[in-house]
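For reference, the chains in residue letters:
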Amino acid sequence: MALLEVEDLAVTFQRKGTAPVHAVDGVSFTVAEGQVVGLVGESGCGKSVTSLALMGLLAKRGVKVGGKALFDGNDLLTMPGSTLRDMRGSEMAMIFQDPLSSLNPVIPIGLQVTEVLKRHRGMKGEPAEKEAADLLDRVGIPDPRRRLKEYPHQLSGGMRQRALIAMAVACRPRLLIADEPTTALDVTIQAQILELLKELVAQQGTALIMITHDLGVVAGLCDEINVMYAGRVVEGAARRPLFASPTHPYSVGLLGSIPRLDAPRGEKLKPIPGSVRDNIAWADGCAFAPRCAHRTDECLDGPPALVQTYTGHAYRCVNPVTGDEVEAVTAAATLPAPSIVDATTDSDGEA
Amino acid sequence: MSAKTDRIDRLAELTARKDEGGHGLWYEAFRRLRRNPLAMTGAVIILLFVLIAILAPWLAPHDPAAQTWLGEIRGAEGFIPGPRSGNWLGVDGLGRDELSRLIIGSRQSLLVGVVATLLGFTAGAILGGLSGAFLGMFGKAGRWVDSILMRFNDMALAVPSLLLAISVATILGQGLVTVMIAVGVTQIPVFARLLRGSMLAQSHSDYVLASTALGVRKRRIVLNHILPNSMSPVLVQATLSLATAIIEAAGLSFLGLGGANAANPEWGVMLADSQQYLATNLRLAVYPAVAIIITALGFTLLGEAMREALDPKLRK
Ligand SMILES: Nc1ncnc2c1ncn2[C@@H]1O[C@H](COP(=O)(O)OP(=O)(O)OP(=O)(O)O)[C@@H](O)[C@H]1O
Ligand SMILES: [Mg+2]
C-alpha cells in the first residue's frame, strides 16, 4: 500500500454572495514511501490548494473539502484536529515558496528550529541547541552555531530556504510537500536547494510531493508526474513515459517544446495559448477544450473519463495525442538551449 | 464603520504585508523617515519638547509662581508688561514671568501625555491582545468572546473622546490623576482595536502558516509569533496618541478639571487664565496655544510619517 493515497480530493471555496470556486475538483494520485511525485500545471490550477488540503491547513470556514487522503491508511481529511496537529511537523511537513515570509522576522532562527524539536521530540536546552546546529549543518549552512542566533533578514535567500528545510526535516517526516520551493530564489541557488532536497529525501527515505513550474525540476527529480489542469489531474505517468509520449494535449503543450530529460534548470513550462479564463466547467466537457488544438466535438460531451493504459499512463482525454504527432510537435518546437551567457545578459537588461 | 475605525484598521494591517517582512520593514521605514523632512521636523520638535520638560527647572529664568511684577500691572488700563529684557515673553496677569511658566508647564503636558498614553496603551493592548488571542486560539468560543469584547470596544470608540474624558473627570473629581486617567481611558479602545486588528492581519501571514505546518501549537503561535509581530502599528499609534493626549489634557485643564496650581503651571490653565485679558493682551492666550499646537504637531508629524513610511499605499 502506498504511503499516501489521494482519492477524489475536492476543495470548494464558498463565500457568501459569490459563486463557489471549485479549486480542486476530484484529484487522485498516490505517493509511495521514498518516491518523488511531481504536481505540475499552470498558475491557479489548484496545486497549492491540494497541498494545503492534505496538510489540513485550509481555513475551516467557507471551505468544503471532499474525498479521501489516506496516509498510512488513515484519512487525513476526517482525522481529529489534535491528531493532525501532532502529525504535522513529525509525520509530514511542508516547505513553502517564499522563505523570507515563511520565517518569523522577529525571532532568531535558532528559536524557530528548537521550537519544532521541543514540540515533537521534547528536546530543550543545550541538547535542543546542539540538535538545531546539527540540523543546520546537515542542510549545508556554514557556522551553524552563529546562524542560530541570527534573524531571518540576516540570512541570504538560499540560507533561509535551507533553514526552513532543516525545520521541515527535523523530525524525519515520512512525507514532505514542497510547494515551489525554488521559485523565489536565484537560478544558481535553485540547483543547490534541489540537490539538497534530493539528497535528504534519498537519505531519509522521505516521500516528496514536488509542486513546481520548473521543467528542470520535473525532469531531474520526479519519479512520477501528475499534470493538473483546472483542479483535476489530466495526465499522470512515470517520468520517462510522460516525457517520451505525453498523451493529453495539455501535457504535450506544457512539455512539448523541450522534450529532453536534461532540460536546463530554471526553464519554465511553456504557456499554452489562451488563458484559464477560457475554461469551461468540467461538468460541460473538458475544461481545456476551448484552448485545445486537438479538440473534437466529443470534447464537449461531459467530463472526459480517466483512461488507464497498460504502460501505467493515465489521462483524461477523448482525443489523445499519439506518438507520431508528438514527434512532429516537438521537432517543430525544438529551440536552441538557452546558454548561460544569454541568461546573464537577460538579467542585466532587466536590472 | 467610521473614518476613525477605518484608519485604525488600515494601520493594523500595515506590518502584515508580504513584500517586506519584519526587520527589513522597520529598517526600510526608518530610512524613509530620515529622508522625510516633515518626520525630521516632528522629531526635532519632540526632542526639544522633551529636553525642555526635563531641564525645565534649570532653563526657567524665574520662579513661575513668584508674582514679582504684580506692582507694574495697571488693571484699570488693562496694561500688563509685554516682552522686554529679563521677561522675554512678558509677564502674566498676576505678574509672573510668562516664559518660565511656559517652560515649567511643558512638564505637566509631557507627564500627562506619557502617563495617559501608557495607560491607554497597556489597558488597550491587554484588551485587544485578549480579544485577538481568543479569536486565534479557541475556535468558535473564541470568536464569540472576541466579538463581545469588540462590540463594547466599538461603542467606546464611538463616544467622542473629550466627552468621555469629561465624564471620567466628573466621576473622579478634579486633579492631575483624573486628567491622566480620563485621557488614558479614551485611548484604550483605539489601542484595543488596533492590536486586535494587527494580530488578525498577522494571523494570515506566511510564517504563521509555516509554523502551523510544523505542528506548533496555537497558543505558542499566538504568543510567540503573532503578538511580537503585531506591535509596530501600536507603536505608531502611541506616537499619534501622545499628540491627542496633550491636546485633551490641555482641554480638560482649560475646563478646570486638572490639578494645576500656582507652582505647577499648565498650558491649558494658562490658556483659561488668559481669557479675561483677551481684548487687551492677546499674546497671553497665543503663547500657551502655540506651545500646545507645536508640541501636538511634532508628535502628529512624526506619527503620520511613521504610518506613511510603513504604508505603501500612502507612499509616493
Ligand atoms: N482562499 C481562497 N478563496 C477563494 N479561492 C481561492 C482561495 N485560495 C485559492 N483559491 C483559488 O483556487 C484556485 C487554485 O489556487 P492555487 O493556489 O492552488 O493555485 P496554484 O496551482 O498553486 O497556482 P500557483 O502556481 O500560482 O501557485 C485559484 O483559482 C484560486 O483563485
Ligand atoms: Mg501555488
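Chain B carries the name Peptide/nickel transport system permease protein in an unreviewed UniProt entry, which gives Phytomonospora endophytica as its organism. Turning to chain B, the UniProt record has this under Sequence similarities (unreviewed entry): "Belongs to the binding-protein-dependent transport system permease family." Under the UniProt heading Subcellular location (unreviewed entry), the entry covering chain B gives this text: "Cell membrane".

As recorded in an unreviewed UniProt entry, chain A goes by the name Peptide/nickel transport system ATP-binding protein, listed as coming from Phytomonospora endophytica. The UniProt entry for chain A carries the following comment under Subcellular location (unreviewed entry): "Cell membrane". Regarding chain A, the relevant UniProt record gives this comment under Sequence similarities (unreviewed entry): "Belongs to the ABC transporter superfamily."

Peer 1: Even after reading the chapter, I still don't get the overall build of chain B, so can you show me in this structure?
Peer 2: Looking only at helices and strands, chain B has twelve helices and zero strands in total. Beginning at the N terminus, the succession of helices and strands in chain B can be written as α-α-α-α-α-α-α-α-α-α-α-α. Its C-alpha atoms put chain B at 80 × 45 × 30 Å along the principal axes. Relative to its full complement of 316 residues, chain B shows a buried share of 50%. Residue pairs in contact within chain B that sit at least 24 positions apart in sequence constitute 74% of those at least 6 positions apart.

Peer 1: Would you explain the sheet that holds strand E3 (residues 36-40) of chain A in this entry?
Peer 2: Pairing between the strands of a sheet is mediated by backbone hydrogen bonds and can be parallel or antiparallel. Residue and element names in this part refer to chain A. Strand order in the open sheet formed by eight strands is E6-E7-E8-E3-E9-E10-E12-E11, with mixed pairing between adjacent strands. Each having just a single partner strand, strand E6 (92-95) and strand E11 (306-308) make up the two edges of the open sheet. Between one strand axis and the next, the sheet turns by 20° as a mean value, whatever way the strands run. Contacting E6 and strand E7 (175-179), helix H7 (residues 157-169) crosses the sheet at an angle of about 170° to E6.

Peer 1: Would you explain the site of ligand 1 in this entry?
Peer 2: Residue and element names in this part refer to chain A. Surrounding ligand 1, one finds 13 residues, the nearest of these being Ser43, Gly44, Lys47, Ser48 and Val49. One of the backbone N or O atoms of Val49 is found 2.8 Å from an oxygen atom in ligand 1. One of the side-chain nitrogen or oxygen atoms of Glu180 is found 3.1 Å away from an oxygen atom of ligand 1. In isolation ligand 1 has 640 Å² of accessible area, and contact with the protein removes 63% of it. Examining the composition of the shell around ligand 1, we find that three residues originate from one element, helix H1 (residues 47-55), more than from any other.

Peer 1: For this particular structure, what's the right way to read the packing of aromatic side chains?
Peer 2: Residues and elements named next belong to chain A. Overall, the coordinates contain seven aromatic pairs over all chains when judged by the stated rule. Centre to centre, the rings of Tyr229 and Phe288 are 5.0 Å apart; their planes meet at 75°, and the pair counts as edge-to-face. In this pair, Tyr229 is assigned in strand E9 (residues 224-229) and Phe288 in the loop between helix H11 (249-256) and E11, connecting sequence segments 59 residues apart. Overall, Phe288 belongs to the buried group, its relative accessible area being 2%. Feature note: the residues Tyr229, Tyr250 and Phe288 constitute an aromatic cluster, connected by ring pairs.

Peer 1: Explanation requested: the sheet that holds strand E2 (residues 21-31) of chain A in the structure shown.
Peer 2: Residue and element names in this part refer to chain A. With antiparallel pairing, four strands are arranged side by side in an open sheet as E2-E1-E4-E5. Looking at strand neighbours, the two that pair on one side only are E2 and strand E5 (74-75), the edges of this open sheet. With eight bridges connecting them, strand E1 (residues 4-13) and strand E4 (residues 63-71) associate as antiparallel partners. Bridge assignment links Phe13 to a residue of E4, and that residue is Val63.

Peer 1: When you look at the domain arrangement of chain A in this model, what are you seeing that I'm missing?
Peer 2: Interface size is often expressed as the accessible area that is lost when the parts come together. Residue and element names in this part refer to chain A. Once the domains are mapped, chain A shows domain 1 (32-57 + 175-260 + 273-342) and domain 2 (98-172). Computed over C-alpha atoms, the centres of domain 1 and domain 2 are 32 Å apart. With eleven residues of domain 1 at the contact, the number on the domain 2 side is twelve residues. Roughly 1,000 Å² is buried in total at the junction of domain 1 and domain 2, and carbon and sulfur atoms are behind 71% of that figure. Broken down residue by residue, the surface that domain 1 buries against domain 2 is led by Leu196, Leu200 and Gln204, which jointly contribute 44%. At the junction of domain 1 with domain 2, the criterion picks out zero salt bridges. If you look at where domain 1 meets domain 2, you find two residue pairs in polar contact (both at pLDDT 80 or more).

Peer 1: Is there a simple way to think about the interface of chain A and chain B in this case?
Peer 2: The interface is formed by 28 residues belonging to chain A together with 21 residues belonging to chain B. For the pair chain A and chain B, the summed buried surface comes to about 2,200 Å²; carbon and sulfur atoms form 61% of the total. Linking chain A with chain B are one salt bridge, by the criterion used here. Linking Glu115(A) and Arg220(B) is a salt bridge whose minimum nitrogen-to-oxygen distance equals 2.7 Å.

Peer 1: Where do I start with the nonpolar core in this structure?
Peer 2: Nonpolar side chains in soluble globular proteins tend to end up buried together. Core analysis: the largest hydrophobic core is formed by 113 residues, its most contacted members being Ile165(A), Leu176(A), Leu208(A), Met210(A), Ile225(A), Val227(A) and Tyr250(A). Ranked by residue count, the leading element in this core is helix H12 (residues 283-310) of chain B, at ten residues. For Ile225(A), the contacting residues outside a window of four places in its chain are Gly38(A), Val40(A), Val218(A), Glu235(A), Gly236(A), Ala237(A), Arg239(A), Leu242(A) and Phe243(A). The next biggest cluster of nonpolar side chains, apart from the first, holds 39 residues, and it includes Leu4(A), Leu52(A), Val63(A) and Met87(A).

Peer 1: Help me understand the pairing of E7(A), please; the structure alone is not making it clear to me.
Peer 2: For a regular strand, side-chain orientation follows a simple rule: the groups alternate between the two sheet faces. Residue and element names in this part refer to chain A. By the criterion of burial, E7 is predominantly enclosed, with five of the five residues buried. Taking every second residue as pointing to the same face, both faces of E7 are buried, with Leu175, Ile177 and Asp179 on one and Leu176 and Ala178 on the other. Note: E6 against E7, four bridges, orientation parallel. Note on E7: the bridge partner recorded for Met94 is Ile177. Bridging between E7 and strand E8 (residues 207-212) involves five bridges; their strand directions are parallel. Directly across from Leu176, in E8, lies its bridge partner Leu208. On the question of chirality, the crossover connecting E7 to the parallel E8 by way of helix H8 (residues 187-204) is right-handed.

Peer 1: Would you take a moment to explain the pattern of salt bridges for this structure?
Peer 2: Here the idea is simple: oppositely charged side chains can pair when their charged atoms come close. Residues and elements named next belong to chain A. Summed over the entire model, instances satisfying the criterion amount to 24 salt bridges over all chains. Close ionic contact of Glu131 with Arg121 constitutes a salt bridge, the shortest N to O distance being 3.4 Å. One end of the pair, Glu131, is in helix H5 (residues 125-138); the other, Arg121, is in helix H4 (residues 109-121), with ten residues separating them in the sequence. Taking relative accessible area as the criterion, Glu131 reaches 14% and is therefore assigned buried. On the basis of relative accessibility, which here comes to 38%, the residue Arg121 falls in the partly exposed class.

Peer 1: Mind showing me how you'd approach the confidence of the model for chain B here?
Peer 2: Fine structural detail should not be taken from predicted coordinates in areas where pLDDT scores are low. Here chain B averages 87 in pLDDT, while 93% of its residues score no lower than 70. The complex prediction reports pTM at 0.83, with the ipTM value standing at 0.85.

Peer 1: What am I meant to see in the packing of helix H3 (residues 37-59) of chain B against helix H4 (residues 98-137) of chain B here?
Peer 2: Each pair of packed helices can be described by the angle between their axes along with the distance between the axes. All names here are of chain B. As a packed pair, H3 and H4 sit with axes 8 Å apart at the nearest point and diverge in direction by 130°. On the basis of the axis angle, H3 is oblique to H4. The two elements H3 and H4 cross, and the hand of that crossing is left-handed. Across the interface between the two elements, Phe49, Val50, Ile52, Ala53, Ile54, Ala56, Pro57 and Leu59 from H3 touch Ile103, Ile104, Ser106, Arg107, Ser109 and Leu110 from H4. Considered class by class, the residues forming the contact of H3 with H4 number eleven nonpolar, two polar and one charged.

Parameters and conventions
- Residues numbered from 1 in each chain as written.
- Chains lettered and ligands numbered in written order.
- Predicted model: local features only at pLDDT ≥ 70, side-chain atom pairs only at ≥ 80, totals over all residues.
- Heavy atoms only, no water.
- UniProt positions renumbered as here; feature names shortened; annotations may be inferred.
- Helix = DSSP H or I, 4+ residues; strand = E, 2+ residues; numbered from the N terminus.
- Buried < 20%, exposed > 50% of the residue type's maximum accessible area, 1.4 Å probe, protein only.
- Contact = heavy atoms within 4.5 Å.
- Pairing = 2+ DSSP bridges.
- Axes fitted to C-alpha atoms, helices over the stretch in contact; angles between N-to-C directions.
- Near = heavy atom within 4 Å.
- Polar contact = N/O pair within 3.5 Å; in protein donor to acceptor, adjacent residues only side chain to side chain.
- Areas by Shrake-Rupley, 256 points an atom, 1.4 Å probe, with all protein chains shown as cover.
- Phe/Tyr/Trp six-rings, centres within 6.5 Å; stacked < 30°, edge-to-face > 60°.
- Domains from an automatic or database assignment.
- Buried area = accessible area lost by both parts, 1.4 Å probe.
- Salt bridge = Lys/Arg side-chain N within 4 Å of Asp/Glu carboxyl O.
- Core = buried A, V, L, I, M, F, W, Y, C linked by side-chain atoms within 4.5 Å.
- Right-handed = clockwise from strand over helix to strand, strands pointing away.
- pLDDT = per-residue confidence, 0-100.
- Parallel < 35°, antiparallel > 145°, perpendicular 65-115°, else oblique.
- Left-handed = near helix turned anticlockwise from the far one by under 90°.
- Nonpolar A, V, L, I, M, F, W, Y, C, P; charged D, E, K, R; others polar.

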